Each structure stands twice: as structure tokens, then as C-alpha cells.
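# Analysis of the macromolecular model
These are the residues of each chain, in order.
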Amino acid sequence: MITGFILRALEGKILIAAGILVAFALLIPALNLLMPPDSALHVPTYIMSLLGKYLCYALLALALDLVWGYCGILSLGHGAFFALGGYAMGMYLMRQIGSRGVYGDPILPDFMVFLNWKELPWFWYGMDMFPVAMAMVLIVPGLLAFVFGWFAFRSRVNGVYLSIITQAMTYALMLAFFRNDMGFGGNNGLTDYKEILGFSVQADGTRAVLFALSAIFLALCLVIASGITRSKFGKVLVGVRDAESRVRFLGYRVENIKLFTFVVSAMMAGIAGALFVPQVGIINPGEFAPANSIEVVVWTAVGGRGTLIGPIIGAILVNVGKSYFTGAFPDLWLFALGGLFIFVTLFLPKGIVGTVQASLAKRKDYAREADKDAANGDVKPQPAPVAAE
């Protein structure tokens, strides 16, 4: 069964995309660590970290595409799953600081000492162990998605109403994490990390490994998403997107199909957040902001929802543009982003990859029709039979 899943997942373009990501996972760190700084081929550490951040965003867009592009669930709350995965990683990194913090407390993080906390909250227990923290990266976003989806999908909340509820959930979490008494650093969040698994977070080698892991996990999640969408379950998933009532009348439990996809997507978003935090060095409640989730929708739409590869391309292209515009024209970035979304909606409704795929499909259809016409032209017409007198 696993072999069949992998074979279905690794079809042409997915295999090429995964191969490119694995190649980047090896090439970019090699150019950073092995090439001298004065070489034209040297990739600076800050560029590598920036590219790693883009790959984390690409994984988040891929997670959204799985539920929006293939199941028809427009989630405006995936930023929450991303942030929860980031906070799980941030809690582990904070526990690794130990007595090297500003206040020198071996157990309590600096912000807890500053706020006069006397003991570590119960939900911080075990977060100093890497396996426990990585389990929380998957469990916490997955559990939130399961609980939310259980009630929403069984209540048959669909369309814009579901989108609004997911956005409200994200906003509520943002307000909660801003509170100092939540035990997550309040407005300042979690930062000032020292090491991960005994290695300095600031070291070039650690940065290279984090970039490589970002590329590899993106390739792995791409293969998993491809396997899901190309399976029999994926066919039903598309049926739920296009004609939910018909799929329900056929006897399928639509709410279970949606719930499974939503939970898997949330876990992917949590992984993206966990890889994001050590590369940028901070996680704060701003990651819960509803505007961030809306940006993910823009990335997915620009690249082409329902294509898997499209959201990856869209996330990278839009964030490259964001890095340029926020530096050159900081006051115009939001206008540029809004204009881009309007342009894509009006002129590229299928996104970049979707438009290219449609164009190639039309060319194949034209070529097929031309071949048919040529074949019909080669057949000489037969004379009509003459009736016997």
C-alpha cells in the first residue's frame, strides 16, 4: 500500500519539483560553507536564511492548497496553525537557554522572571526535550484543527461563513497570546535563542542545516500531498469541492473527509512554523494576525490553487517581491499586494501554474484535432453505390 502511495505521488512534475528541492537542500548550504566569502559563487548566510524563510512560507501555502484547492475549504486561519508550531519550537529553544539568560535562572525564561513568576507553568513541562517539543509541533495544531473541524463540519458550516469563523479563531488566539498571563511572553513573544540540540543557532553550519531541513520537509510534504490528491481518496476530495451534496448522497461521510484533510493541512502548517522560528530568531503574537492568513491565500491564488506546485511558486515569488518593495517602497507594499490579487482574480483566475497548464492542455487538444483532420484527409472518399436497374 505504501509503495502504491509513493508511486502515485511521484508523477512527472511532482518528482521534478521534489528533486529540485532536494538539490537546493544540498547546493545552497554547500555554496555557503565550502566557497570562500570573496567567491562569486558564495551564498551569504543571511541570503540562505532568507531563502529558508521563503521555503517555510511555501510549505504553509502548500498546506492551504490541500484544503482550499482540493477540498474547497477557504481557511483564513492557517496562520494560527503556523504560529502554534512556531511557539512549540520557540518554547524548546527558550528552555535551552538555561542560566545563560539575562537573569541567570536555570529553569524560568527571562520574561517569566521579569513578570515575577515563581514556577514554570505546567504546559512548559517536557519542552526542554526535543522529541516532546517536535511532537507538540504536530499535536497542538492538529488537535486544534480536529476540535474546530469536528464542530464546524458536522454543523455543515461552509463557504464564507467557515472562512469568517476560521479568521475569528485566529484573531481570538492572537488576543490571548498578547496577554502576559498566558505564559508565552506576551507582546514580545519568545526570542534570544542560544542553541538547538547543542549547536549555536547563529552558527553558519546550523543555519545551513535548517535551510536543508526546510527544503527537504517541503519536498516530503509535497510528495505526501500529491499522494493524497492522486489516490481514490483524492478523487472523492475533489468531488466534495465540486459537488458536495452529490458526494453526500452517494453515501460518503463528507465531514470525515474534510476533517482528515484539515488536520493533515494543519500539521503541515505547524511544521512550517517550527522550521521558521529558529531561522528568523523570534515568534510573537503578530504571527496570529488575520492579515498573515490572508496573505497565504494571495500566495496560493497567485501560484494557482489546486496545483500543489503553484502555491510553492506563488509564495516564493510574492515574498521575493515583498522583500524588495518593503525596502524600496515601504508605503506601497500593501497596495502592490492588493493590486496583485485583483490582477490575478481578473486576468489569471487559475494562477500562474494553472494558466500554464490550461494553455498546454489547449495546445495538446489542437494538436490532437489536427492529427485527426490530417488522418481524415488521407482517406479517399468512396463512390456512392449505384442502384441495380
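Presented here is a report on the structure given in the accompanying data block. Within every chain, residues take consecutive numbers counted from 1 along the sequence as written. Per-residue local features are limited, in this predicted model, to residues with pLDDT of at least 70; the limit for side-chain atom pairs, both in listing and counting, is 80 or more; totals at the level of whole chains, interfaces and linings are taken over all residues. Computation of side-chain values: all heavy atoms of the structure, hydrogens and water removed.

## Overview of the pattern of salt bridges
By salt bridge we mean one thing: a side-chain nitrogen of Lys or Arg within 4 Å of a carboxyl oxygen of Asp or Glu. For the structure on display, the rule yields 10 salt bridges. In this structure, the salt-bridge partner of Arg 248 is Glu 255, at a minimum N-O distance of 3.3 Å. Exposure classes here rest on a 1.4 Å probe applied to the protein chains alone. A residue is buried below 20% of its type maximum, exposed above 50%, and partly exposed in between. On the basis of relative accessibility, which here comes to 19%, the residue Arg 248 falls in the buried class. Where salt bridges share partners, they join Glu 244, Arg 248, Arg 253, Glu 255 and Lys 258 into one cluster.

## Examining helix 3 (residues 45–68)
The helix count covers DSSP runs of H or I at least four residues long, the strand count covers runs of E at least two residues long, and both are numbered beginning at the N terminus. By this rule the span expected of a helix is its residue count minus one, scaled by 1.5 Å. Compared with the 34 Å implied by 1.5 Å per residue over 24 residues, the 35 Å span of helix 3 between its first and last C-alpha is a close match. Burial runs high along helix 3: 18 of the 24 residues are buried.

## Observations concerning the nonpolar core
Leu 62, Trp 124, Leu 190, Tyr 193, Leu 218, Phe 288 and Trp 299 are the most contacted members of the largest nonpolar core, which totals 109 residues. Counting residues per element, this core draws most heavily on helix 11 (residues 254–280), which supplies 15 residues. The set of buried Ala, Val, Leu, Ile, Met, Phe, Trp, Tyr and Cys residues whose side-chain atoms join them within 4.5 Å is what this entry labels a nonpolar core.

## Side note on unusual backbone geometry
For residues that are not glycine, phi is negative in most cases, and the peptide bond is trans in most cases. A positive phi is found at Arg 156, a non-glycine position, where the angle reads about 55 degrees. For Arg 156, the position within the fold is in the loop between helix 6 (130–154) and helix 7 (159–178). We classify Arg 156 as exposed; its relative accessible area is 53%.

## A look at a nonpolar patch on the surface
On the surface, a nonpolar cluster with roughly 730 Å² of combined accessible area is contributed by Leu 138, Ile 139, Leu 143, Phe 146, Val 147, Trp 150, Phe 151 and Met 267. For the nonpolar patch, the element with the highest residue contribution is helix 6, accounting for 7 residues. Every patch collects residues that have over 30% relative accessible area and no salt bridge, joining them within 9 Å if they carry like charges and within 5 Å if they are nonpolar side chains (Val, Leu, Ile, Met, Phe, Trp, Tyr). Only the protein chains shown count as cover for residues, and all accessible areas are computed by the Shrake-Rupley method using a 1.4 Å probe.

## Quick word on the state of the cysteines
Note on disulfides: each one is a pair of cysteine sulfur atoms within 2.5 Å. Under the criterion given, the structure shown has 0 disulfides. With no disulfide of its own, Cys 56 lies 11 Å from the sulfur of Cys 221, the closest cysteine sulfur. The thiol of Cys 71 is unpaired, and the distance to the nearest cysteine sulfur, on Cys 221, comes to 18 Å.

## A closer look at the packing of helix 7 against helix 12 (residues 290–303)
Here, axes are lines fitted to C-alpha atoms. For helices the fit covers the stretch in contact, and angles between N-to-C directions go from 0 to 180 degrees. Between helix 7 and helix 12, the least distance of the axes is 9 Å, while the angle of their chain directions is 140 degrees. As the angle between them shows, helix 7 and helix 12 are arranged oblique. Taken together, the residues of helix 12 that come into contact with helix 7 (itself represented by Gln 167, Thr 170, Tyr 171 and Met 174) are Pro 290, Ser 293 and Ile 294. Looking at side-chain class alone, the contact of helix 7 with helix 12 contains 4 nonpolar, 3 polar and no charged residues. Angle categories are assigned with fixed cut-offs, so that under 35 degrees is roughly parallel, over 145 is roughly antiparallel, 65 to 115 is roughly perpendicular, and the rest are oblique. Note on definitions: a residue-residue contact is assigned when non-hydrogen atoms from the two residues lie within 4.5 Å. Amino acid classes used here: Ala, Val, Leu, Ile, Met, Phe, Trp, Tyr, Cys and Pro are nonpolar; Asp, Glu, Lys and Arg are charged; the rest, including Gly, are polar.

## Digging into the side chain of Asp 65
With respect to the helices and strands, the residue Asp 65 is situated in helix 3. Although Asp 65 is buried, it forms no salt bridge, and the closest oppositely charged side chain is Arg 305 at an N-O distance of 6.6 Å. A positive count includes Lys and Arg, and a negative count includes Asp and Glu. His and the chain ends are not counted in either.

## With respect to empty space enclosed by the protein
Any residue with an atom within 4 Å of a point lines the site, the site being either a cavity, points on a 1 Å grid over the protein atoms alone where a 1.4 Å probe fits but cannot get out, or a pocket, an open set with protein on both sides within 12 Å along at least 5 of 7 lines. Grid points are joined across faces, edges and corners, and a volume is the space filled by probe spheres set on the points. Taken as a whole and judged by the stated rule, the model has 1 cavity of 30 Å³ or more. Taken as a whole, the largest cavity encloses approximately 50 Å³ of empty space. Considered class by class, the residues forming the lining of the largest cavity number 6 nonpolar, 1 polar and 2 charged.

## Side note on the packing of helix 9 (residues 232–242) against helix 11
For the pair helix 9 and helix 11, interaxial distance at closest approach is 11 Å and the crossing angle is 110 degrees. Judged on the interaxial angle alone, helix 11 and helix 9 are roughly perpendicular. Contact residues: helix 9 offers Phe 233, Val 236, Leu 237 and Val 240, while helix 11 offers Val 254, Ile 257, Lys 258, Phe 260 and Thr 261. Classifying every residue of the contact of helix 9 with helix 11 gives 7 nonpolar, 1 polar and 1 charged.

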